[in-house]
Amino acid sequence: MSLDYTPPLDDITAVLEQFGLPGIAALADFAHVDAETIPDVLAEAGRFFAETVAPLNVVGDRVGSAHDPETHTVTTPPGFKEAYAQYVEAGWGAVTSSPEYGGGGFPFLVGVVFEEIMSTANLSFGMCPLLSQGATRLLEAHASDDLKAVYMPRMISGEWTGTMCLTEPDAGSDLGVIRTKAEPQADGSYRLSGTKIFITFGEHDLTDQIVHLVLARTPDAPVGTKGISCFVVPKFLVEADGTLGARNDVACLSIEHKMGTNASPTCVLSFGEEGAGATGWLVGELNAGMVAMFTMMNHARIGVAAEGLALAERAWQQARAYAAERLQGRASGTPKGERAPIVEHPDVRRMLLTMESEIQAMRRLIYATAASIDLAEHADDAETRREHEERAALLTPLAKAWSTDTGFEVTSLGVQIHGGMGYVEETGAAQHLRDARIAMIYEGTNGIQAMDLVGRKLGMRGGGVVADHFARIRSDLTAVGDGPLAASRDALAAALAAAEEATAYLAGVTSVDDALAGATPYLHLLSMLTAGHLMLQSAVLAAGTDREAGQQRTTRFFCEQLVPTGTALVPSITAGADALAFV
Ligand SMILES: Cc1cc2nc3c(=O)[nH]c(=O)nc-3n(C[C@H](O)[C@H](O)[C@H](O)COP(=O)(O)OP(=O)(O)OC[C@H]3O[C@@H](n4cnc5c(N)ncnc54)[C@H](O)[C@@H]3O)c2cc1C
């Protein structure tokens, strides 16, 4: 039974080239990056996470984080503190952060590889740096220079961690009803009071300081999302000389008992528990907290998309090893009494190939979106920036929702390949499935992603953005000749026709409910078409290389056998809201 993790650097490297990492790293904004070092950096990161962080995955699940209600402290599982210290020491947290504050300033495309590798090694561990990076990204874009000088360098180095405090008992998907209050003080600070729930790494023992970014409402703020502001609220107040001063009034009242990610403490945080309120400072403009959140949302959603991919990869590596070892039944054509490893059975092969090809498809969709985010922010010319901003906006809900839905299905196949041993905890296959489930829920549930796609993204530039996307796919399909990829081309052409039909329906429908009733199957159709197109592109690029046969095998399976399940969704997309009515 293998619980090891081997970073799939071959496929990662091929995908980075496919989505133009060398060109991105050559942009003026990345002049400080030595592109030639990237493969070595990734290999070294892979080694660190596989050797130091991955072995803590099981103990993290079994022991979990623990809360002490007397002291309001949280203890992480054995080994986490030491591994985090090594992570900080090695400087891994700083790879993509701004060089101005001590970061490496690498493209986001490289950052996504880190996120994939870190989450594959240990999702619970990775959630802490992921949240910290989201918080620093927000501070960099919106905080005053004074706040940045205090918080950014030590958050980027990992010496301090960050949280995102949005959710409240009554405010989950609907953040407009947030109640946490922020009272302005004479010295320019604010006093915050209220309760936040589900706050990832809201309290822990990995670092002394935790920097909370909190959404709250000032007195007389407008109702709804237009009255929400963002505040930085540190666990310890920071003295003028940078040392930690008095304890701020933030308390972790409890942590949740969850179905997975047990090592990652999910905290109920009380601000102003002692009465006076927690001291915080405004980040960005008053009442523009949601705008600030949106600036980091695309990056964060791609980070969560990578979590779906990551757990699928871990489950597949383990299932593949198990299928090669477990003897059961006889392979056809072999003598009686000769037992075969289950990998010899066609049904097990089908499961393994489904896992492998979906993992590759997810990786391509996620990395393509990350590359567009880089180009939207850093391309030299305005037209390229605009084009990729639109593309990233369209692809982000696909990457987030489809990769996390598919990631969960892949972990379920991992359990299936283990048979009964998959259902018992000993093999670790069940942990991947339990851990994978959360990614479909947080950072905007997958239902909310589908609404974002249909409600906002389809209408961008009067439908021009999605039309351009389809035109690009059509043009690439036309260039594929009648060789071994012809059947994949034809399957994608059928999916494209279905997507165009569904898009025309959604554009013409007059009832919002009719459109939203088909949003999730539409997101799946569009995702499979897009991911299939990127798989086809990979196969074309692999022609004549030693990757050709392998890439053709997974591309053909994905396009010819899985994409048609997306194509078949048109009736679900166009059925309308009445078909879902309760009787
Ligand atoms: C382990 C964990 C870690 C988390 N970490 C953080 C964190 O660090 N910071 C933070 O702020 N939050 C965090 N969250 C909270 C998370 O972001 C929310 O759980 C999520 O946004 C969904 O909100 P909810 O749970 O209130 O579900 P609800 O909003 O009540 O949704 C329930 C269901 O209804 C659907 N739904 C809701 N509204 C609509 C609508 N208008 N149309 C269609 N369908 C709808 C949803 O898609 C979902 O299926 C975490 C949650 C968990 C479980």
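Residues numbered from 1 in each chain as written. Predicted model: local features only at pLDDT ≥ 70, side-chain atom pairs only at ≥ 80, totals over all residues. Heavy atoms only, no water.

Caption draft 1: Looking closely at the overall build of the protein chain. Looking only at helices and strands, one finds 20 helices and 12 strands in the protein chain. Against the globule reference of 25 Å for 583 residues, the protein chain gives a C-alpha radius of gyration of 24 Å, in line with a compact fold. In the protein chain, buried positions account for 57% of the 583 residues. Contacts in the protein chain between residues far apart in sequence, at least 24 positions, make up 75% of those at least 6 positions apart. When the 41 basic and 73 acidic side-chain charges of the protein chain are each reduced to a single mean position, those positions are 6 Å apart. (Helix = DSSP H or I, 4+ residues; strand = E, 2+ residues; numbered from the N terminus. Rg over C-alpha atoms; globule rule 2.2 N^0.38 Å. Buried < 20%, exposed > 50% of the residue type's maximum accessible area, 1.4 Å probe, protein only. Contact = heavy atoms within 4.5 Å. Lys, Arg positive; Asp, Glu negative; His and termini not counted. Charge placed at Lys NZ, Arg CZ, Asp CG, Glu CD.)

Caption draft 2: Layout of the nonpolar core. In terms of nonpolar packing, the biggest core is built from 122 residues, with Phe-49, Tyr-367 and Tyr-522 touching the most fellow members. Setting aside residues up to four positions removed in sequence, Tyr-522 forms contacts with Leu-453, Val-454, Leu-458, Val-466, Phe-470, Ala-499, Ala-502, Thr-503, Leu-506 and Ile-573. Counting residues in hydrophobic clusters, the runner-up holds 30 residues, among them Ala-135, Leu-139, Met-164 and Cys-230. (Core = buried A, V, L, I, M, F, W, Y, C linked by side-chain atoms within 4.5 Å.)

Caption draft 3: View of helix α13 (residues 429–436). Burial within α13 is extensive, with 8 of its 8 residues counted as buried. Every buried residue of α13 is listed here: Ala-429, Ala-430, Gln-431, His-432, Leu-433, Arg-434, Asp-435 and Ala-436. Residues of α13 that are buried sit in contact with α4 (57–63), α7 (123–142), α9 (289–325), α11 (382–417) and α12 (420–423).

Caption draft 4: Geometry of the pairing of strand β9 (residues 244–247). Two elements, strand β8 (residues 236–238) and β9, share 2 bridges in a ladder whose sense is antiparallel. Residue pairing for β9: Val-238 is matched across the bridge by Leu-244. Counting the residues that bridge the hairpin from β8 to β9 gives 5 residues, and of these Gly-242 lies at a positive phi of roughly 90°. (Pairing = 2+ DSSP bridges.)

Caption draft 5: Fine view of the site of the ligand. For the ligand, the set of nearby residues contains 17 residues, the closest of which are Met-164, Thr-167, Ser-173, Phe-198 and Thr-445. In the environment of the ligand, a nitrogen atom lies 2.7 Å from a nitrogen or oxygen atom belonging to the side chain of Thr-167. A total of 970 Å² of accessible area belongs to the ligand in isolation, and the protein chains cover 62% of it. The pocket occupied by the ligand, as judged from atoms lying within 2 Å of grid points, is the largest pocket. Listed by contribution, the elements that provide at least two residues to the shell around the ligand are β3 (161–165), β5 (190–200) and α14 (446–457). With 3 residues, the single largest contributor to the shell around the ligand is β5. Each residue belonging to the shell around the ligand can be placed in one class, and the counts come to 10 nonpolar, 6 polar and 1 charged. (Near = heavy atom within 4 Å. Polar contact = N/O pair within 3.5 Å; in protein donor to acceptor, adjacent residues only side chain to side chain. Areas by Shrake-Rupley, 256 points an atom, 1.4 Å probe, with all protein chains shown as cover. 1 Å grid on protein atoms, 1.4 Å probe; cavity = no way out; pocket = protein on both sides within 12 Å on 5 of 7 lines; lining within 4 Å. Sits in = over half its atoms within 2 Å of the grid points. Nonpolar A, V, L, I, M, F, W, Y, C, P; charged D, E, K, R; others polar.)

Caption draft 6: Representation of unusual backbone geometry. In this structure, His-72 is a non-glycine residue whose phi angle is positive, near 60°. Of note, His-72 is situated in the loop between β1 (66–68) and β2 (73–75). Its identity is not glycine, yet Phe-201 carries a phi of approximately 50°, on the positive side.

Caption draft 7: Examining the layout of surface pockets more closely. Put simply, the largest pocket is a space of about 1400 Å³. Lining the largest pocket are 50 residues, and of these Thr-167, Ile-441, Tyr-442, Glu-443 and Gly-444 sit closest to its centre. If one sorts the elements of the lining of the largest pocket by residue count, α9 sits on top with 10 residues. Classifying every residue of the lining of the largest pocket by side-chain character gives 22 nonpolar, 16 polar and 12 charged. (Points joined across faces, edges and corners; volume = space filled by probe spheres on them.)

Caption draft 8: Spotlight on the packing of helix α16 (residues 486–508) against helix α18 (residues 519–542). Two elements in contact, α16 and α18, have axes separated by 10 Å at closest approach and are oriented at 150°. Relative to α18, α16 is oriented so that their crossing is left-handed. Every residue of α18 that contacts α16 at Ser-488, Leu-492, Ala-495, Leu-496, Ala-498, Ala-499, Ala-502, Thr-503 and Leu-506 is listed here: Tyr-522, Leu-525, Leu-526, Leu-529, Gly-532, His-533 and Leu-536. Counted by class, the contact of α16 with α18 contains 12 nonpolar, 4 polar and no charged residues. (Axes fitted to C-alpha atoms, helices over the stretch in contact; angles between N-to-C directions. Left-handed = near helix turned anticlockwise from the far one by under 90°.)

Caption draft 9: Structural view of the packing of aromatic side chains. The tally for this structure, following the rule as stated, stands at 11 aromatic pairs. On the basis of an interplanar angle of 80° and a centroid distance of 5.1 Å, the ring pair of Phe-48 and Phe-49 is categorised as edge-to-face. The two residues Phe-48 and Phe-49 agree in class, both being buried. Measuring from centroid to centroid gives 6.1 Å for Trp-402 and Phe-558, while their planes differ by 75°, and the two rings are edge-to-face. Of this pair, Trp-402 sits in helix α11 while Phe-558 sits in helix α19 (residues 548–567), placing them 156 residues apart in sequence. Exposure remark for Trp-402: the relative accessible area of 2% places this residue in the buried category. The rings of Phe-48, Phe-49, Phe-80, Tyr-84, Tyr-87, Trp-92, Phe-114 and Phe-125 are connected pair by pair, giving a single aromatic cluster. Above the ring of Phe-408, the side-chain terminus of Arg-437 is found at 5.3 Å from the ring centroid. (Phe/Tyr/Trp six-rings, centres within 6.5 Å; stacked < 30°, edge-to-face > 60°. Lys NZ or Arg CZ within 6 Å of the ring centre and 35° of its normal.)

Caption draft 10: Highlighting the side chain of Gln-133. Mapped onto the secondary structure, Gln-133 falls in helix α7. Judged by relative accessible area, which is 13%, Gln-133 ranks as buried. Once residues lying within four places of it in the same chain are set aside, the contact partners of Gln-133 are Tyr-87, Gly-93 and Glu-115.

Caption draft 11: Just empty space enclosed by the protein, in detail. By the definition in use, this model includes 4 cavities of 30 Å³ or more. Taken as a whole, the largest cavity encloses approximately 80 Å³ of empty space. Along the walls of the largest cavity sit Tyr-87, Trp-92, Gly-93, Val-95, Thr-96, Phe-108, Gly-111, Phe-114, Glu-115, Met-118, Gln-133 and Arg-137, which together make up its complete lining. Those elements that provide at least two residues to the lining of the largest cavity are α6 (108–121) and α7.

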